[in-house]
Amino acid sequence: MPETTVPAFDYDSVFVHDGRPEDDFEQYELRNSRQILAFTGVMPGMTVLDMEAGGGIYTELFSLVVGEEGKVYLQNPPEFETFLGDAVEKRMDGRLINVTHIQTSFDDFEPIGDMEVDLVTWFLGPHELWYTPEGAEPGALGDPDVAFSEIARVLKPGGHFVVIDHRAPDGAPATTGGVTHRLAQDTLMDMMGDVGLVLVEERDLLANPGDDGTLNVFDPSIRRQTDRYILKFEKS
């Protein structure tokens, strides 16, 4: 598939050591963050929705790129915020003034207006729609059909949705997401088609042909080495 062309931006400029936790820079290396940030095509002035942002490692990178004229939404489900502790508050406190922290399920981005967002990212996350956190009701994280419709709703025409997830074997049911924490690419492609999002680019930066896609991603033999797809979809 041909690569899309985006205006030039010096993405290396946001990876300078500037007082961020040293662990961030270690994570950048593990995650291939320089290449992935460039792949998203994020640019100054954009509005970004960083889904399932965790402690906000990528949120901060987006914040630095979009600058004063841009805006970033850091989204986590309330069920996930409990084990994050004060990580988000520590990252944002007096620093990321263009970031808005929202605690919502994956199927309700009510604080965000229709066609407000240039870029939505969901890194290692879509499989969570079929996962039930301990003590939660099934479906607590969001209805899959509604979730992808919400992503399409908030995206501007021409906006992009960038996805990274652990690969399950083609044909594996979506419910695999709640068991091995993986999602088959063909399942995701079908759901994107249903909401009018078209695949325009992909990368193999995190591919691992030696992973057959059957083990739980937390299995010590494969953890942090899973075969992961990186896909970019566009809203027409």
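Scroll up to find the structure this text is about.
The model shown is predicted, which means the values in this text are computed figures rather than measured ones. (Residues numbered from 1 in each chain as written. Predicted model: local features only at pLDDT ≥ 70, side-chain atom pairs only at ≥ 80, totals over all residues. Heavy atoms only, no water.)

Peer 1: Before we move on, could you go through the side chain of His 160 and cite the residues and values that matter?
Peer 2: Along the polypeptide, His 160 turns up in strand β5 (residues 155-168). Residues contacting His 160, with those up to four places away along its chain left out, are Asp 118, Leu 119, Val 120, Leu 155, Val 200, Lys 232, Phe 233 and Glu 234. (Helix = DSSP H or I, 4+ residues; strand = E, 2+ residues; numbered from the N terminus. Contact = heavy atoms within 4.5 Å.)

Peer 1: Outline the pairing of strand β4 (residues 117-123), supporting the account with residue identities and numerical values.
Peer 2: Counting buried positions along β4 yields seven of seven residues, so the element is predominantly enclosed. The pairing of strand β1 (residues 47-51) with β4 spans four bridges and is classified as parallel. Across the sheet, Met 51 pairs through a bridge with Trp 122, a residue of β4. Note: β4 against β5, six bridges, orientation parallel. Residue pairing in the sheet places Phe 123 in a bridge with Ile 164 of β5. On the question of chirality, the crossover connecting β4 to the parallel β5 by way of helix α6 (residues 144-154) is right-handed. (Buried < 20%, exposed > 50% of the residue type's maximum accessible area, 1.4 Å probe, protein only. Pairing = 2+ DSSP bridges. Right-handed = clockwise from strand over helix to strand, strands pointing away.)

Peer 1: Residue-level account of the nonpolar core, with values.
Peer 2: In this structure, Leu 49, Val 120, Phe 148, Ile 151, Phe 161, Leu 188 and Phe 233 are the most contacted members of the largest nonpolar core, which totals 33 residues. For this core, the secondary structure elements donating two or more residues are β1, β4, α6, β5, α7 (185-194), β7 (197-203) and β8 (228-235). With five residues, the single largest contributor to this core is α6. Those residues within four positions of Phe 233 in sequence are excluded, and the remaining contacts are Gly 159, His 160, Phe 161, Val 163, Leu 188, Met 189, Met 192, Leu 197, Val 198, Leu 199 and Val 200. If you look at the next biggest cluster of nonpolar residues, it comprises 31 residues, including Val 14, Tyr 28, Ile 36 and Ala 53. (Core = buried A, V, L, I, M, F, W, Y, C linked by side-chain atoms within 4.5 Å.)

Peer 1: A description of the pattern of salt bridges should follow, citing residues and the corresponding values.
Peer 2: Counting across every chain of the model gives 15 salt bridges. Between Glu 60 and Arg 91 there is a salt bridge, with the nearest N and O atoms lying 2.8 Å from each other. Pair noted here: Glu 60 is in helix α3 (residues 57-66) and Arg 91 is in helix α5 (residues 87-92), with a separation of 31 residues, a long-range link. Through salt bridges that share partners, Asp 18, Arg 20, Asp 24, Glu 60, Arg 91 and Arg 95 make up one connected network. (Salt bridge = Lys/Arg side-chain N within 4 Å of Asp/Glu carboxyl O.)

Peer 1: Could you give an account of the pairing of β1, naming the residues involved and the relevant values?
Peer 2: Every other side chain in a regular strand lies on the same face of the sheet, so the side chains alternate between the two faces. Across the five residues of β1, five count as buried, placing the element largely inside the fold. Burial of β1 is two-sided: the residues Thr 47, Leu 49 and Met 51 facing one way and the residues Val 48 and Asp 50 facing the other way are all buried. Where β1 meets strand β2 (residues 71-76), four bridges bridge the pair, whose relative direction is parallel. Looking at β2, one finds that Val 48 is bridged to Val 72. In the classification by handedness, the crossover that spans β1, the intervening α3 and the parallel β2 is right-handed.

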